[in-house]
Amino acid sequence: MLDKTYRPAEVEPKHYEQWENSGAFAARTDSDRPPYTIMMPPPNVTGSLHMGHALTFTLQDVLIRYRRMSGHDALWQPGTDHAGIATQMVVERQLEAEKVTRHDLGRDAFIKRVWEWKAESGGTITRQLRRLGASPDWAKERFTMDEGLSTAVRKVFVTLHRQGLIYRAKRLVNWDPKLHTAISDLEVEQREVKGHMWHFRYPVEGLDDTFITVATTRPETMLGDSAVAVHPEDERYAALVGKMVRLPICNRLIPIVADEYSDPAKGTGAVKITPAHDFNDFQVGARHDLPLINIFDRDARTNDDVPEGYRGLDRYEARKKVVAEFEALELLDKIEPHTHMVPYGDRSGVVIEPWLTDQWFVDAATLAKPAIEAVETGKTRFVPKHWENTYFEWMRNIQPWCISRQIWWGHQVPAWYGPDGTFFVEEDEAAAIAAAAAHYGHAVELVRDSDVLDTWFSSALWPFSTLGWPEQTPELGRYYPGDVLVTGFDIIFFWVARMMMMGIHFMGDVPFKDIYIHALVRDEKGQKMSKSKGNIIDPLDLIEKYGCDALRFTLAALAAQGRDVKLAEGRVEGYRNFATKLWNAARFCQMNECRPVAGFDPGTVKETVNRWIIAKTAEVADKVGASIESYRYDAAALGAYQFVWGSFCDWYLEFAKPIFTGTDEASKAETRATAAWVLDQILHILHPLMPFITEELWQQTAERSDTLMLRSWPKLDGLHAAAAEDEMDWVVRVISAVRAVRSEMNVPPATQVDLLGSGLTDRSLAWARTHGDLITRLGRLAAFDAQAPGERVAQASSHGAAQMVVDEATLVMPLAGVIDLDKERARLDKEIARLEGEIAKVDKKLGNADFVAKARPEVVEEQHERRTEWSASIAKLREALERLSGA
């Protein structure tokens, strides 16, 4: 017999260990089943499980468990990312505590120290994924710095370089002046800063007392100005285009150019152009062949390319000095308060500097063309579809991809420099030495490039490098391309697009057929979780408190396509209660001797109630399966929930109670066998969503020779029973209507009332007679007269009764003497007025354009949701008023 209470903390580790040790998660390369592949987005090796992880890995696990059960050889390829900067910083902080720097150790010793850290602490995230119930093929786990993947990285770099698609150039990058490395856009955090806008007057050369005024948030960068730009159609400056201005402080002549980048409606319509320190200005500079004047060093201090009195200054010291000199020269027009976005390094916390430096780049525009075409032609599709617009926007405006980083932990660039700076790109040092000897005609000493590659470079190869490429392995032939990638929208460009480019270029095919983009997990108010707000919810805490299945089911139920997940702990608690409901239902079945019967054929049952629940089971199995296949996780969870809690627990088991306690042994045996069979199907249907409790019940409710997770998904064709469904659905509707009226009218639970029927068809009248006892018992009725005389119905109505309509029938519940009708009408009127008042307040807010413009989108959405809920409540209350007929 099952224990009274389900204890997830005891059950979950037991089953996970059993699954993993038995090889239940493994894909079989020699299997005759059709392959199904999901590439796990590799979490950072430094990472700990957060709610975003919990969502994405739950959704992937639901898919992979369902596909295993559906007859596929399912590979969920696991692994972790070496996370270059993040990991290096973790180890450097350890060294800092020891009062040692990486430079003290030297590169080789530092790298060894990082590997030691990885061996000791790098497995945290994968242990936590096990806690979540994730079921990837752990035996195939990869790491982006392991030898096989490193070989792939070198092969790709050398190949792209020989094809002219990787090159070295001097371009602007996001430079972190604290970490001393270029960083990706994803590692840049835009923060809103209350700053100033300085308006400087630049004298026009050759025109006395003529100035052109430019506005800037960064006065110090004027030391590197190369031009002033105005819009070609701005008549105010038409006569000045082509003339020169004398740059104050620097005393350098720079041109006034016409360029559409300048916005006539913004500021003065004239903008200073600093090509070496602004990404937009860099583009303007390229169009007009302007000089690139780099005024900062790697610490963001001014260098020797600025006037002597400004050299060696921190950028903010330089700012103060520039403003002071403009004021002294009477060229400072005005200073205005100005709130704007400033880029910060997400790890260093310092302002990022657009900096001109020699880096390695990928010709992303060339690689992007076939990747764009693949989505345009449907070879790869985005779900939801609108995310393809984000993909196209980025890909059609793609810039060269800076792939070099000035750190030590990562894939070192496979390039070696000769004495004169000539570089040789090869897969290993021996090949580079040979290439250099051929170039120089003799052996020379080479120095390897000290840069490492952007973490996203190795991640871009993940769908094929993890399968053994460049070797032509059986895994590569079987599991590439993958079926679906599940990920967040924030890395569509950084990771998804780059996997598309690399996969098509090196494998000749897209890396995945579907890309499912899930939304963010926010708090219950719709706000983004952050430490500063104190609203972070730890998934491990929820698992500890409510069990893993409750969290997984919550995330699936809230994962509606295109909508952020608003997570409240109360929802997780609610789905813990759902798990308890399932446990109690299984225990009830055990107590009533419901055991699986060998050879049970659900198509041969005779009892109407059993044919009804079997048909409903077949229907929900199809619905949940179809929902998972179409990435409608919310529909899958809701469909399973409604069936288990409603159809099975609240209705079928209640309908079955009189049979279990009756004397018809044949009916009793059939109903016991049916209940056990339906419970088994429920365990199958719920397993992808709630793997632990379903596996426990599978093993506890009968002697089993196999594990539930490797069982087949229910294929229940031919079990629909229209007549039985019509009959029992009608009974459910009648009882539901009675219960709703009792609740709306505040009829005390212990009070039994009569129910009078009129207008029933012969068919429904027969159903009423067959199931009258059920309707009476479950509706808490004194009596149910399905064919009441008209005079009795009229008399009851005239003295106060609630009316309800079920199909063609009118049902009347006499309430005189049961409740105070006038008091009830007054209560309903008062509640309607209160809700109408709340709606009026919301309408006033939503009608205020200033409120809508300033409020966060989630706040506006919440107001709309409240209005909808209150409107629905008013409709129900008015229905209740209408039901109160008579005096």
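What you see is a predicted model; the values in this text were computed from it and never measured. (Residues numbered from 1 in each chain as written. Predicted model: local features only at pLDDT ≥ 70, side-chain atom pairs only at ≥ 80, totals over all residues. Heavy atoms only, no water.)

Of regular secondary structure, the protein possesses 30 helices and 30 strands. With respect to the three principal axes, the spread of C-alpha positions in the protein is 110 × 65 × 55 Å. Residue burial in the protein is summarised as follows: out of 887 residues, 55% are buried. Across the protein, the fraction of contacts at a sequence separation of at least 24, relative to all contacts at a separation of at least 6, is 77%. Averaged over its 105 positive side-chain charges, the protein has a centre that lies 3 Å from the centre of its 130 negative ones. (Helix = DSSP H or I, 4+ residues; strand = E, 2+ residues; numbered from the N terminus. Buried < 20%, exposed > 50% of the residue type's maximum accessible area, 1.4 Å probe, protein only. Contact = heavy atoms within 4.5 Å. Lys, Arg positive; Asp, Glu negative; His and termini not counted. Charge placed at Lys NZ, Arg CZ, Asp CG, Glu CD.)

Moving on, we come to unusual backbone geometry. Here the residue pair Val383 and Pro384 is connected by a cis peptide bond, since its omega of -5° sits within 30 degrees of zero. For Pro384, the location among the structural elements is in the loop between strand 15 (381-383) and helix 11 (387-396). Following Trp469, the chain continues into Pro470 via a peptide bond in cis, with omega recorded as 15°. Assignment of secondary structure puts Pro470 in the loop between helix 14 (462-465) and helix 15 (474-479). Of note in this structure, Ala83 is not a glycine but carries a positive phi near 50°. Considering the arrangement of structural elements, one finds Ala83 in the loop between strand 3 (79-80) and helix 3 (84-97).

The next point concerns the packing of helix 11 against helix 16 (residues 492-507). Where helix 11 meets helix 16, the closest approach of the two axes is 11 Å, and the angle between their N-to-C directions is 80°. What the angle tells us is that helix 11 and helix 16 run roughly perpendicular. Counted together, Trp387, Thr390, Tyr391, Trp394 and Met395 of helix 11 and Ile492, Phe493, Ala497, Met500 and Met501 of helix 16 form the full contact between these two elements. Across the contact of helix 11 with helix 16, the residue classes tally to 9 nonpolar, 1 polar and no charged. (Axes fitted to C-alpha atoms, helices over the stretch in contact; angles between N-to-C directions. Parallel < 35°, antiparallel > 145°, perpendicular 65-115°, else oblique. Nonpolar A, V, L, I, M, F, W, Y, C, P; charged D, E, K, R; others polar.)

Note: strands within a sheet are paired through backbone hydrogen bonds, in either parallel or antiparallel orientation. The antiparallel open sheet is built from 3 strands, whose spatial order is 19-18-20. Unpaired on one side and paired on the other, strand 19 (423-425) and strand 20 (447-448) mark the two borders of the sheet. Relative to strand 20, strand 18 (residues 415-417) runs antiparallel, the two being bridged by 2 bridges. Its bridge partner being in strand 20, Tyr417 is matched across the sheet by Val447. Running over the sheet, helix 12 (residues 429-440) touches strand 18 and strand 19 and is turned about 135° from strand 19. (Pairing = 2+ DSSP bridges.)

Further remarks concern the packing of aromatic side chains. Within the structure shown, the criterion is met by 44 aromatic pairs. Ring centres of Tyr16 and Phe25 lie 5.3 Å apart, and the angle between their planes is 55°; on these two criteria the pair is classed as tilted. The pair Tyr16 / Phe25 is uniform in exposure class, with both members buried. Site record: aromatic cluster; members linked through ring pairs are Phe157, Trp360, Trp401, Tyr417, Phe423 and Phe457. Just above the ring of Phe361 sits the side chain of Arg171; from NZ or CZ to the centre is 5.7 Å. We note Lys321 situated over the ring of Tyr310; from NZ or CZ to the ring centre the distance is 5.0 Å. (Phe/Tyr/Trp six-rings, centres within 6.5 Å; stacked < 30°, edge-to-face > 60°. Lys NZ or Arg CZ within 6 Å of the ring centre and 35° of its normal.)

Okay, the packing of helix 20 (residues 608-629) against helix 21 (residues 633-660) next. With their axes 9 Å apart at the nearest point, helix 20 and helix 21 run at an angle of 170° to one another. Taken as axis vectors, helix 20 and helix 21 run roughly antiparallel relative to one another. In the contact of helix 20 with helix 21, the residues fall into 16 nonpolar, 6 polar and 2 charged.

Next up on the list: the sheet that holds strand 13 (residues 332-345). As summarised here, the arrangement of the 3 strands in space is 8-7-13, forming an open sheet in which the pairing is antiparallel. In this open sheet, the two edge strands, each paired with only one partner strand, are strand 8 (211-216) and strand 13. Across the sheet, the axes of successive neighbouring strands diverge by a mean angle of 20°, strand direction being ignored. The sheet contact formed by strand 7 (residues 188-203) and strand 13 spans 13 bridges and is antiparallel.

The subject of this paragraph is the nonpolar core. Of all hydrophobic cores here, the largest spans 154 residues; its most connected members are Trp612, Tyr633, Phe648 and Phe655. When residues in this core are grouped by element, the largest group, 15 residues, is from helix 21. In this structure, Phe648 is in contact with Ala585, Cys589, Ile613, Phe643, Leu653, Ala675, Val678, Leu679 and Ile682, ignoring residues within four places of it in sequence. Counting residues in each nonpolar core, the second largest holds 63 residues, with Trp401, Leu467, Trp469 and Ala497 among its members. (Core = buried A, V, L, I, M, F, W, Y, C linked by side-chain atoms within 4.5 Å.)

A word on the pairing of strand 7. Taken together, the 6 bridges between strand 7 and strand 8 define a ladder with antiparallel strand orientation. Paired with Arg201 across the bridge in strand 8 is Thr213.

This part covers helix 6 (residues 124-131). Ile125, Thr126, Gln128 and Leu129 are the residues of helix 6 that are buried. In an axial view of helix 6, the angular spread of the buried residues amounts to 160°, which keeps them on one side of the axis. Gly133 sits one or two positions beyond helix 6 and adopts a positive phi of about 90°. (Arc of directions from axis to C-beta.)

Quick look at the pattern of salt bridges now. Counting across every chain of the model gives 59 salt bridges. Between Arg162 and Glu426 there is a salt bridge, and its shortest N-O distance comes to 2.6 Å. In this pair, Arg162 sits in helix 7 (residues 147-162) while Glu426 sits in the loop between strand 19 and helix 12, placing the two residues 264 residues apart along the sequence. For Arg162, a relative accessible area of 56% gives the class exposed. Between Glu187 and Arg347 there is a salt bridge, with the nearest N and O atoms lying 3.5 Å from each other. Here Glu187 is found in the loop between strand 6 (181-183) and strand 7, whereas its partner Arg347 is found in the loop between strand 13 and strand 14 (353-362), with 160 residues between them in sequence. We classify Glu187 as buried; its relative accessible area is 13%. Through salt bridges with shared partners, a single network forms among Arg218, Glu220, Arg315, Arg319 and Glu353. (Salt bridge = Lys/Arg side-chain N within 4 Å of Asp/Glu carboxyl O.)

One pass over the structure, following the stated rule, counts 0 disulfides. Its sulfur unpaired, Cys589 is 4.6 Å from the next cysteine sulfur, which belongs to Cys594. Given a relative accessible area of 2%, Cys589 falls into the buried group. Judged by its relative accessible area of 7%, Cys594 falls in the buried class. (Disulfide = S-S within 2.5 Å.)

With respect to the helices and strands, the residue Glu727 is situated in helix 24 (residues 722-744). Salt bridges are absent for the buried Glu727, whose nearest opposite-charge side chain, Arg611, sits at 5.8 Å. Polar contacts involving the side chain of Glu727 include one to the side chain of His771, which spans 2.6 Å. Ignoring any residue separated from it by four or fewer positions in sequence, one finds Glu727 in contact with Thr608, Trp767, Thr770 and His771. (Polar contact = N/O pair within 3.5 Å; in protein donor to acceptor, adjacent residues only side chain to side chain.)

Bridge analysis of strand 9 (residues 227-230) against strand 11 (residues 252-258) gives 3 bridges, and the strand direction is parallel. Bridging from a neighbouring strand, Val228 pairs with Ile256 of strand 11. In this sheet, strand 11 lies alongside strand 10 (residues 244-247) in antiparallel orientation, the contact comprising 4 bridges. By the bridge assignment, Leu247 is partnered in strand 11 with Arg252. With antiparallel pairing between neighbouring strands as the criterion, strand 10 and strand 11 make up a hairpin whose turn holds 4 residues, including Ile249 at a positive phi of roughly 70°.

Now for empty space enclosed by the protein. The tally for this structure, following the rule as stated, stands at 2 cavities of 30 Å³ or more. Lining the largest cavity, in full, are Ala586, Cys589, Gln590, Cys594, Pro596, Ala676, Leu679, Asp680, Thr701 and Arg704. In terms of residue class, the lining of the largest cavity is built from 6 nonpolar, 2 polar and 2 charged. Along the lines of polarity and charge, the residues of the lining of the second largest cavity split into 6 nonpolar, 1 polar and 1 charged. (1 Å grid on protein atoms, 1.4 Å probe; cavity = no way out; pocket = protein on both sides within 12 Å on 5 of 7 lines; lining within 4 Å. Points joined across faces, edges and corners; volume = space filled by probe spheres on them.)

The next subject is helix 19 (residues 569-591). Look at helix 19: 33 Å from first C-alpha to last across 23 residues, which is about the 33 Å you get at 1.5 Å a residue. Among the residues of helix 19, those classed as buried are Val572, Tyr575, Phe578, Ala579, Leu582, Trp583, Ala585, Ala586, Arg587, Cys589 and Gln590. As for helix 19, its buried residues are in contact with helix 17 (539-546), helix 18 (548-558), strand 25 (565-567), helix 21, helix 22 (665-686) and helix 23 (691-700). Where helix 19 ends, the next residue or the one after it, Glu593, has phi of about 60°, a positive value. (Expected span 1.5 Å × (residues − 1).)

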